[in-house]
Structure formats: structure tokens, C-alpha cells
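Topology and contacts: notes
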Amino acid sequence: MFLAAFTSSGPREVSPDATLLSRLLQKDVSAFEQLYDRHSRLVYGLVLRILQQASTSEEVVQDVFLQLWRNADQYDSSRGPFVPWLCTMARNRALDHLRLKSERQRRREDQPDELPSVVVAPEYEKALDEKRRAERVRALMASLTPQQKKAIELAYFEGLSHSEIAATLKEPLGTVKSWIRNGLLRLKEGLRATT
Amino acid sequence: MKNCDQFRELIEAYALGSLDPEERAALEAHLATGCPDCSKAVEEARWLVSQLAYAAPEAAPSDMLKGRLMQTVRTEAQSQSKPQVMPAKSSIPFWLWAGVAALLVFSVYSAWNTHRLNDEIRQANERAAALRDEHEKTEQELALAKREAMILMDPNSVKIALKSGDAKGPQLEAKWHSEWGVVVMGENIPMPSPHHVLQLWFIPKKAGEMPMPSMMIRPDANGKFVLLVSNPPESMDATKALAISEEPEGGSPWPSNPPRYSGGVS
């Protein structure tokens, strides 16, 4: 099922992730290790950017990959690519960790986590390799106004709401909303142009 | 009520998770109506937001993290790959069952044996107690016999003949030692009447004083008896004579019958 997301687009080649995920469904340890090697730097970088603390970030990354190992057969993988889904799960976990101060409230590693929705790739999306994709996203973020970039980063990496960002930046709520929306639309256009 | 265009303005922020609660609730209510355009827009916005992950600088986690993960994964993979076999008969070797059975038999035997040993110990203790009582009794009898022998053998003991009131009757003999007491012996003594015993009396020298009651005895089947009075109620000097009368069982405080046997203390 998961494999279909990578094979149903005609000319696209089957991604290495698709092959590895199909083996992961068979509890192939080697496939899991290759997936980890392919994506752990991206996931850990994201979580570290959110939590700003190495040991806690490693705990979260461990949780994320164990979820992947244990619940691979539960993914509705027919509609969305793997990496956005993995990053969404990692971000949700990291923000949970950031928000919940009490250790008791934190999810335990062995508790089944609520899995994120499948991230559906838009029609214009093409399978760029990870390196090129990262370079493009960073370039687009750098092209935003400082206010747009700051507001989006506060929302994405710190999990703040519009009102919280407005209070943090001491700017009107409507202005913050505009910064975020316009920044995301510019990012969207930039990615569309790239592909 | 907002139309789709107004909701569309919220969709990127919704995917980002930055909408305030009221706006988020309103948008989710609209999405719940099944609006296809807004639903598709949400999907695209989620993908767009997911791309922000690449904005974070990549970083390498420690090798220890990978080590921990792989160890956990390998352990879980091994446990899942092993079939969950119910303990079959063949999974436990016969010798183990035999060992368990032998252990069970041994346990039952041990419990039974323990009970038996406890019972034997209890019986042995009872026998030991009985022997101890018997031994003490024997020692007391031995002590009395020794005392009787000392009284009878000691030259300082005073011999007292107790003659029967019947001329044909037997004669008893007593020996009195001033320190060790009095021994009275007799042979061929007729048994007292039923429910009666023979009681020894010490007759004081002082006129008008009543006879002093002493010990009681029955002759054995052969008509013999030996009576030891370790602590006579009167001293030899103050005693005029010894006498034995037949008295009811339990004895009497004073003579209720004439003396059967009597003899003066010289």
C-alpha cells in the first residue's frame, strides 16, 4: 500500500524509500537501518532546532524511529510520500515535548502515538533528492522578509499561535497573520517554480 | 458565516498549527462539511508546511542513539520472528518430567516422614518423661531403702518389739534412730478389714496426752510391710510406746479401735 505512493506517478522511478518501506513491513532490520541512515540527520536536525537540547532531541528521534519500526504496517501509505510524513511526526513529537513541562505528561516511548495524517504531495511536486530539496527550501526561506521568516519559524519550530507570535514580536495580530500567510504562499510559489 | 474564500485564507496557518482556537474550530467545522476545494487545499498546505523541515540545519545524532535503536529493533525482530509455540510435550525432555515426578514423590515422602518422625519424637519424649518419673520414684525408694537400712543397721537405733494383742498373732519390730527416724517391719500380718488401714501411733509419756497419729500402711500380698517414719511426731525420750491400730481408710486423728500391736520404747 505504502509502495503505491511511489509507483503510481508514471514516469517516476521507485524511490529507495519505497523499497525499504516494503521490506520494513516484513520487519527487515537492515531496511530499518538504511532508512535511519538516510533520514536521521534530517529528523534529528529538525527536532534539535525545536528543542535546542541534544539529549532530549535524541530521545524524541528514538521515539519517532521506534514508532516507524513498530507501526509501519498501520500507515496508509497509498497517498503520500514518506519523508514529509516522517518529518510531520517528528515535529509533532518535538512540539509535544516542548509544550508539556511535566515529565508525567510526556508520552512514553512504548505508548502508541497518534500518527499524523498522510502528507499528500501536490501535483507539481517532483521527487527531488533530499540535498537539492533542502537547498531549495533554505534558499526560499532566505528570500522571505525577515518578519515573514521570523513569524513562520516561531510557528513551525516553536509551535506558537498567531496571538502568541504577535505578543512575542509585539506586532498587531493581523500583521502577523499576513506575514505568515504571505510567506507561506511565497514559499509555495517558489517550490512550484522549482519543480 | 464565512465563505470558502475566507476559509482559504486560514488554511496555510491551519496546516502550520498557528491558528488561534476560535479560527481553528471554525475551519474544522467547515472542513467537516466535506468542502472538496478546502480539503484539497489543506492537503497541499500540509505538504508545504512539511517542507519547512528542510529549513532546519541537518545534524548528526550520536552513534549511541543508532546503537540503542538497532539493539531494540533487533531484539524485537528476534522475538517476533520466533513462533509463539505453546509448551509442547516434546519441548520438555522426558528426564525433566521424571525429575519433577521424583521431586514430587520425594516431597510427599518427606512430609509423611516428617510427620512420622514428629510422632516418634513425641512418643519418645513421653517415654523419657515416664522413665524420668520412674527413675525419680526409684531414687526416692532407694533413698528410703538406704535410710531404712541405715536405721536398721545402726547400733544406736533402739529396738522396739510390737507385740500382737492376740497371743497367737505375729510380732512386729521397730527400730528408732534419734536422727533418722523410725522403721516398723512385720511379716505374716493379717490384712485389715475392707476399707481399713493399719495406722501407727506414738503414745506420749506425759499422762493425759492423746496418742499422736502417724503413717498408714497395708501389708503386701504376703503379709509383709516396712514402714519408715522419717519425722516422728514425738521424740524418743517423750514417747512411751508405739502402737498400731486398724483405722478407716484415710486414717484417724485419734485411735478408734484398740491397738492390734504395741510395744514400749525403752
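Residues numbered from 1 in each chain as written. Chains lettered and ligands numbered in written order. Predicted model: local features only at pLDDT ≥ 70, side-chain atom pairs only at ≥ 80, totals over all residues.

The next thing to look at is the overall build of chain B. Counting secondary structure elements, chain B contains five helices and eight strands. The linear arrangement of helices and strands in chain B, starting from the amino end, is α-α-α-α-α-β-β-β-β-β-β-β-β. Counting across all 266 residues of chain B, residues that qualify as buried make up 25%. The long-range share in chain B, meaning contacts at least 24 apart out of those at least 6 apart in sequence, stands at 58%. (Helix = DSSP H or I, 4+ residues; strand = E, 2+ residues; numbered from the N terminus. Buried ≥ 20, exposed ≤ 12 C-beta atoms within 10 Å, placed from the backbone. Contact = placed C-beta atoms within 7 Å.)

Once that is clear, we can look at the overall build of chain A. For chain A, the helix and strand inventory stands at nine helices and zero strands. A burial count over chain A gives 42% of its 195 residues as buried. Intrachain contacts of chain A at a sequence separation of at least 6 include 66% that bridge at least 24 residues.

Moving on to the interface of chain A and chain B. Counting residues at the interface gives 50 residues for chain A and 37 residues for chain B. At the level of secondary structure, the elements contributing two or more residues to the side of chain A that touches chain B comprise helix 3 (29-51), helix 4 (54-71), helix 5 (82-99), helix 6 (130-143), helix 7 (146-158), helix 8 (162-169) and helix 9 (173-194) of chain A. With twelve residues, helix 3 of chain A is the single largest residue contributor to the side of chain A that touches chain B. Partitioning the side of chain A that touches chain B into residue classes produces 29 nonpolar, nine polar and twelve charged. (Nonpolar A, V, L, I, M, F, W, Y, C, P; charged D, E, K, R; others polar.)

Residues and elements named next belong to chain B. It is the contact of helix 1 (residues 4-16) with helix 3 (residues 36-50), at a shortest axis distance of 8 Å, that shows an interaxial angle of 30°. Regarding the angle of helix 1 to helix 3, the classification is roughly parallel. For the pair helix 1 and helix 3, the sense of crossing is right-handed. Note on element contacts: helix 3 touches helix 1 through Asp37, Cys38, Ala41, Val42, Ala45, Arg46, Leu48 and Val49, opposite Cys4, Phe7, Arg8, Ile11, Glu12, Tyr14, Ala15 and Leu16. Tallied by class, the residues present in the contact of helix 1 with helix 3 amount to twelve nonpolar, no polar and four charged. (Axes fitted to C-alpha atoms, helices over the stretch in contact; angles between N-to-C directions. Parallel < 35°, antiparallel > 145°, perpendicular 65-115°, else oblique. Left-handed = near helix turned anticlockwise from the far one by under 90°.)

Turning our attention to the sheet that holds strand 8 (residues 259-264) of chain B. All names here are of chain B. Pairing within the open sheet is antiparallel, and its eight strands lie in the order 5-4-7-8-1-2-3-6. Looking at the sheet topology across the chains shown, the edges are occupied by strand 5 (212-217) and strand 6 (225-229). Taken pair by pair, the neighbouring strands of this sheet meet at an average axis angle of 20°, ignoring direction. (Pairing = 2+ DSSP bridges.)

It is worth spelling out unusual backbone geometry at this point. In this structure, Lys170 of chain A is a non-glycine residue whose phi angle is positive, near 55°. You can see Lys170 of chain A is positioned in the loop between helix 8 and helix 9. Of note, His195 of chain B is a non-glycine position whose phi angle comes to about 65°, a positive value.

Every α-helix winds through 3.6 residues per turn, so residues three or four apart in the chain are directed the same way. Residues and elements named next belong to chain A. Its 14 residues give helix 6 an end-to-end C-alpha distance of 20 Å, which sits within 8% of 20 Å, the value for a rise of 1.5 Å per residue. Listed in full, the buried residues belonging to helix 6 are Arg133, Ala134, Val137, Leu140 and Met141. When helix 6 is viewed along its axis, its buried side chains cluster within an angular range of 135° and face the same direction. Exposed side of helix 6, more than 90 degrees from the buried face: Lys131, Arg132, Ala139 and Ala142 are the residues found there. (Expected span 1.5 Å × (residues − 1). Arc of directions from axis to C-beta.)

Attention now moves to helix 2 (residues 16-24) of chain A. Those residues of helix 2 of chain A that fall on the buried side of the exposure criterion are Asp17, Ala18, Leu21 and Leu24 of chain A. Along helix 2 of chain A, the residues classed as buried sweep out an arc of 120° about the axis, all on the same side.

Our focus in this paragraph is the pairing of strand 1 (residues 158-164) of chain B. Residue and element names in this part refer to chain B. Of the pairings in the sheet, the one linking strand 1 to strand 2 (residues 172-177) comprises five bridges and is antiparallel in character. Looking at the pairing, Val158 lines up with Trp176 of strand 2. The sheet contact formed by strand 1 and strand 8 spans two bridges and is antiparallel. Its bridge partner lying in strand 8, Ser164 is registered against Tyr261.

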